[in-house]
Structures are given as C-alpha cells and as structure tokens.
Amino acid sequence: MKKFNFEFFKIMISTIIFIIAVFLKNNNILFISLLVISYVIVSNEMYIKALKNILVGEIFDENFLMIIATLGAFYIGEYEEALMVMLLFNLGEYLSDKAVDNSKESITKLMDLRSDTINLKIGDDIKNINIKDAKLNDLFIVKPGEKIGLDGIIIDGVSNVDTSSLTGESIPRNVKKDMCVLSGTTNLDAVLTIKATSTYKTSTATKIIELIESSDAKKAKTEKFITKFCKIYTPIVVISAVLLTLIPFMLGGSLNDWLYKSLVFLVTSCPCALVISVPLGYFAGIGRASKEGILVKGGNELENLSKIKTIVFDKTGTITKGNFDVTKIHSIDINEDALLEIAAYAEFYSNHPIAKSILKRYSKEINKNKINDFKEISGKGISVKIDDDSLLVGNYNLLISNNIDVSKIDEIGTIVYIAKDKKYLGYIVITDEIKEEANNLVKSLKKEGIIKIIMLSGDNKETVEKVSSKLGFSECYYEMLPIDKVNKVTNFKKENFTAFVGDGINDAPVMKIADLGISMGGVGSDAAIEASSIVLMTDNLDKISDSIKISKKTNKIVHFNIVFALIVKFIFLLLGTLGYSKIWYAVIADVGVTLLLVLNSLRLIIKSK
C-alpha cells in the first residue's frame, strides 16, 4: 500500500509542476526546466526498470516503448505532449496495478480459510496460542463464530458448521462427538472441543491456499501464447515505427511529421492490456471455481476443462455413495453367522469400504492374535490365515485363480466369495446406493458438449450394467483391475480429450494417465490432491458440470479480451499512421482498454444463477 501511495504522490507532484510550467510558458527557459524536472520525477523508476530489463536481454517492454516515444516527442519540440504521455501512462499503470491487486485480494478472500491462533486446552485452562505452535493430538476449543483452525475429531460438543468456504454448499453441516471437521470451516452454534489430527502446515486450509497461490505459476496455453506473441509482436512494431519514419523521409516527406506519426504508432502498440488482462482472467476463473468448492491447480487445468469430450467415471464412491450394506449371506455346509465371522476376521486389516461393511454387520470384537499372513491382492481380494486355516475372501476371479470349484453368482450387488482350505463356503452380497444427483449426471454433461460418458468398475457385470443402464452411460466396463482401467483410459485418449473422475486414492494411476484427473470428495487427502488436476471439495457430481461451465466462461472472457484489445490497437495504429491521432490519445486508449478488460475479467467471480 505504501508503494502505491508513493507512486501516486510522485504523479501528483509531477502534475502540479507541469501545471505551473504551463502558466510560465512565456519564460521559455523556466518552462522547459520545469517540464524536465516534472518528467524526471514521474519517469525515473521507468528508466531504472527499462535498464534492468535490457541487462537481462528483455529490451522491448512497455517501459522502453514509452521512453523512446517521449524522448522522440522532446526531440521534435512537443515538450508538453511528451510529459503528458508520461503522466497519463504512469497514472494508467497505477490505476491498473491498483485494480489488479484489489481484484486478486478479493479473489484471495474467497479462500480466506486460515486462523492465526487457536484456543489450546491444557487441563482446565484455555490458552490462546499461535496456530503454528499447535501439535498433533492437541485439544483446542472453538467458540461460536470462530474458524476451525486445524483438522480434527470432535471430542465434545454438538454444533452446526458452515462449510461453504471449502465446499460452496450454503447449508450448514451438523456435527457431534467422534465426527471429523476440517480447518477453514466456521463453527456456528455451540462450543466444540476438538482433537487435532493435523498441524498448521498439513491442515486442509493450508494445502488449499498453497494450491491457489501456486496456481498462478501453471499458465494456460493461451497465457503462454500471449507471452510469446508479445515477445515477437513488440520488436516488429518498433521496427515498423522506425521504417514509418525513414521510408517517407527518404521519399521527401517531413522528418518531424513522420517521426511524430511513428511515435503515436509506437505508444499505441504497447501490449499492456493483453499482458495484464489475460493472466488475471484465469486467476479470476480459479477464484470463482474455489468459491464453488472446486479446487483447480492452475490456468492450464482450468482451460482444459472446456476441452473434455469423454468423461470416464469410477463407480464405487463416485457414482455410488460408497455406503455398503450386507444384504444377503448364503452359506454352504456352515451356518450364516459362522460364514460372516470368517469374512469379518479376513477383512479386519483392509481399509476397503466393502471390508468395513462386513465388520459393521459382524459388530463383535475381533481377536487380532488369530490373524496371520494377511495379504491384499489388488483387484481380487484377500488371502489370510485365521489360526491354522487358510482363507480366501474376494471376487470370483480370486477363487478361480486358486483352482477352487465355485459357480458364478448372478445377483445385483458386490459378491464376496469365501473359501477355507481350498473349499468354497458361500458368499455375501453387498449393495451400494446410487447418489441422488447421479440421475441427472448424463443429461447435464451432454448439455456441456460431452460426447462419451463411461463407467469403469472392478464390480461384477450384473451390478455395473444395471447402474450404467439406469443412469444412461454410453459404455460400461466391469471386473477391471487398476491396470485394466489405465489401459482403457489410454485408449480413450486416442479418440478424444479424456477426463477421469474417481476418489483420488485408489484411482491415482488412472488419474495420472488421463488428460485431466478429477477427484471427488478429496479434501484432506494427499493422494487426491497429488494425483488429480481438479479437486472437488464435496462428492457432489453436479460440481463437474459447474466446473466445465466456469472453464467455458473463463475462456470466453479471455478470448474476448484478446480480440477487443487487438481491434482497438489496430484502429489506433491506423489512425496514428494517417495522422488522426495524438500520442496522448493512444495512451488514453491503452489505459482505458486495460481497465475495461480488468473489469471484464472480474465478472468471473460474480456468481450468476
């Protein structure tokens, strides 16, 4: 802020001296002296910047252009216009910087998630400490109206929590003892006692803010094109301005007249509007996405969302809720309770949702001393020893690959086959509920121009085909191992720009191979944030079409900014060449266009219904 005030102060002092000089125009020496003093005050920093850029090989920037233009104006005796150009340009730069900084500040506020302190609980005492000093497993108190500073588990209290800063969802979430809460959310109603499961550096809020801040470094192709374009465009314009003076002069034209036209040409060519508005457009788009609960890693990823023509979905936990329930137990030569107990012991060390559903149904205490040689076989199931018995618990292929005689079960749901000491004992059927918003998923994605909507799953044929048919997917593939998913997505990429949507943990290899990886409900997961390009703060499928809409709107505004800036440039270049424009007209046009395009970019963060 101090820098901006100082810059504005210099502009004002220079302007006052300029006005005084105009009133003393009759005294030629004093008039010119005051103009030079005013010029030095307002332009000294510009000369320093230009010199630094020249030393690193960047000659043709806006500072260099303005210096040449104003020195040329002094040379032909247009003293007042030279100073007016420098004053207008600096005022325009000041206003543009102010607008960009204010807009970036407003975008950053959309993700104002951090807390500076937490109320640490030490016995019966409460001590307010710097959040950076907090440790794992610390107990802290969050009062109504305060932000939750660290991720944690509620130890005591019942309240509603505003999660809109993370998820974009306006409806508060009710939380109580043993539930997890994330940093960056706001406690609304009652005092909560929370046990920290993260530090300041590893908290969800810090991870998200770091990603937003670093997103500026990952430029979109359009941004990179503009950067390259300006590096080629500006030298060409400078050479053209030189030729615009030399050729007519060599043909008998007036040196001063054509030098003035070339100076107008030079000032008009300044690419400020493009250099400022295009990156700001993508930054604003990322900020808007964040406001909607969509974390985009960079401008390139935001731009690519609009290119998607094929979307591939994982089924479990993405299309379905991942809330598995045991709906049937079928046993052979053993009672159902005994079969359930065998499955529960076998699945005890697995983190898979199916394993958790079996343990939930069993609901009895597990004697871990009985479990030995636990092995999780990717895409198939589990091999384990319970006491001296060798167990296999998993899908049909697991038993077949171990030469166990078993018939394939044709039922809706996930079938868990169970064998002990090479003998088939029966199966358990587990079903998963389809998410409500999935019913409208295909329709909304097709509306956004998606050609193919595909489902991949490790589940059985009957279950996958039923879900796919009900929701209207273009294609579905079942009983797939992780490597099968990678191969399928690799093939889809050959046909169209392909995105993969999954949970971001089990599907990390597929996300990496896809043109664009989107993780569902991945907040707080290192694997999700690392593997995917887009992280949706909730598992709401509607956010996918929302993210595509934001991408399209961003690209539309950025492309408009480019075209509008170039058209205005062309018009003023033509007017300058024909002698109908003055240098300061060109500066006003350049500054005006820059400010207009900055405001146009900011439309992205205004939420439209």
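Our subject is the structure listed above.
Note that the structure is predicted; figures quoted are calculated from it, not measured. (Residues numbered from 1 in each chain as written. Predicted model: local features only at pLDDT ≥ 70, side-chain atom pairs only at ≥ 80, totals over all residues. Heavy atoms only, no water.)

Caption draft 1: Focus on the overall build of the protein chain. Looking only at helices and strands, the protein chain features 21 helices and 22 strands. For 609 residues, the compact-globule estimate of 2.2 N^0.38 gives 25 Å, and the protein chain exceeds it by more than 25% at 33 Å. Dimensions of the protein chain, computed from C-alpha atoms along their principal axes, come out at roughly 115 × 65 × 45 Å. Classification of the 609 residues of the protein chain by burial places 50% in the buried group. The long-range fraction of contacts in the protein chain, counting pairs at least 24 apart against all pairs at least 6 apart in sequence, stands at 65%. Counting every atom, the protein chain has about 28700 Å² of accessible surface; 57% of that belongs to carbon and sulfur. (Helix = DSSP H or I, 4+ residues; strand = E, 2+ residues; numbered from the N terminus. Rg over C-alpha atoms; globule rule 2.2 N^0.38 Å. Buried < 20%, exposed > 50% of the residue type's maximum accessible area, 1.4 Å probe, protein only. Contact = heavy atoms within 4.5 Å. Areas by Shrake-Rupley, 256 points an atom, 1.4 Å probe, with all protein chains shown as cover.)

Caption draft 2: Just the nonpolar core, in detail. Counting 45 residues, the largest nonpolar core has Ile-311, Phe-313, Ile-319, Leu-445, Phe-473 and Ile-544 as the members making the most contacts within it. If you look at the next biggest cluster of nonpolar residues, it comprises 44 residues, including Met-46, Ala-73, Val-238 and Val-267. (Core = buried A, V, L, I, M, F, W, Y, C linked by side-chain atoms within 4.5 Å.)

Caption draft 3: Looking closely at helix 12 (residues 336–347). Spanning 12 residues, helix 12 covers 16 Å between terminal C-alpha atoms, matching the ideal 16 Å at 1.5 Å per step. Considered for burial, the residues of helix 12 that qualify are Leu-339, Leu-340, Ile-342, Ala-343, Ala-344, Tyr-345, Ala-346 and Glu-347. (Expected span 1.5 Å × (residues − 1).)

Caption draft 4: Here's a closer look at the packing of helix 8 (residues 255–268) against helix 20 (residues 542–577). Taken N-terminus to C-terminus, the directions of helix 8 and helix 20 make an angle of 175°; their axes are 8 Å apart at the nearest point. Overall, the two elements helix 8 and helix 20 adopt an arrangement that is roughly antiparallel. Within the contact between the two elements, helix 8 uses Trp-258, Lys-261, Val-264, Phe-265 and Thr-268 and helix 20 uses Lys-569, Phe-572, Leu-573, Gly-576 and Thr-577. Residues belonging to the contact of helix 8 with helix 20 are distributed by class as follows: five nonpolar, three polar and two charged. (Axes fitted to C-alpha atoms, helices over the stretch in contact; angles between N-to-C directions. Parallel < 35°, antiparallel > 145°, perpendicular 65-115°, else oblique. Nonpolar A, V, L, I, M, F, W, Y, C, P; charged D, E, K, R; others polar.)

Caption draft 5: Spotlight on the sheet that holds strand 22 (residues 534–536). Strands sit in the order 10-22-21-20-11-18-19 across an open sheet of seven strands; the sheet is mixed. Only two strands of the sheet have a single neighbouring strand rather than two, namely strand 10 (294–296) and strand 19 (475–477). Shown here is a sheet whose adjacent strand axes are inclined to one another by a mean of 20°, direction ignored. Bridge count for strand 11 (residues 310–314) against strand 18 (residues 452–456) is five bridges, and the pairing is parallel. (Pairing = 2+ DSSP bridges.)

Caption draft 6: Representation of unusual backbone geometry within the structure. Positive phi values are uncommon outside glycine, yet Asp-333 reaches one of about 55°. Inspection of the secondary structure assignment puts Asp-333 in the loop between strand 12 (325–331) and helix 12. The class of Asp-333 is exposed, set by a relative accessible area of 67%. Of note, Asp-373 is a non-glycine position whose phi angle comes to about 50°, a positive value.

Caption draft 7: Looking closely at the packing of aromatic side chains. By the definition in use, this model includes 10 aromatic pairs. Ring geometry for Phe-313 and Phe-473: centres 5.9 Å apart, planes at 90°, overall edge-to-face. Residue Phe-313 is found in strand 11, and its partner Phe-473 is found in the loop between helix 16 (461–471) and strand 19; the two are separated by 160 residues along the sequence. Judged by its relative accessible area of 0%, Phe-313 falls in the buried class. Take Phe-473: its relative accessible area is 8%, and that puts it in the buried class. A ring pair is formed by Tyr-417 and Tyr-424, whose centres lie 6.4 Å apart and whose planes are at 40°; its orientation type is tilted. (Phe/Tyr/Trp six-rings, centres within 6.5 Å; stacked < 30°, edge-to-face > 60°.)

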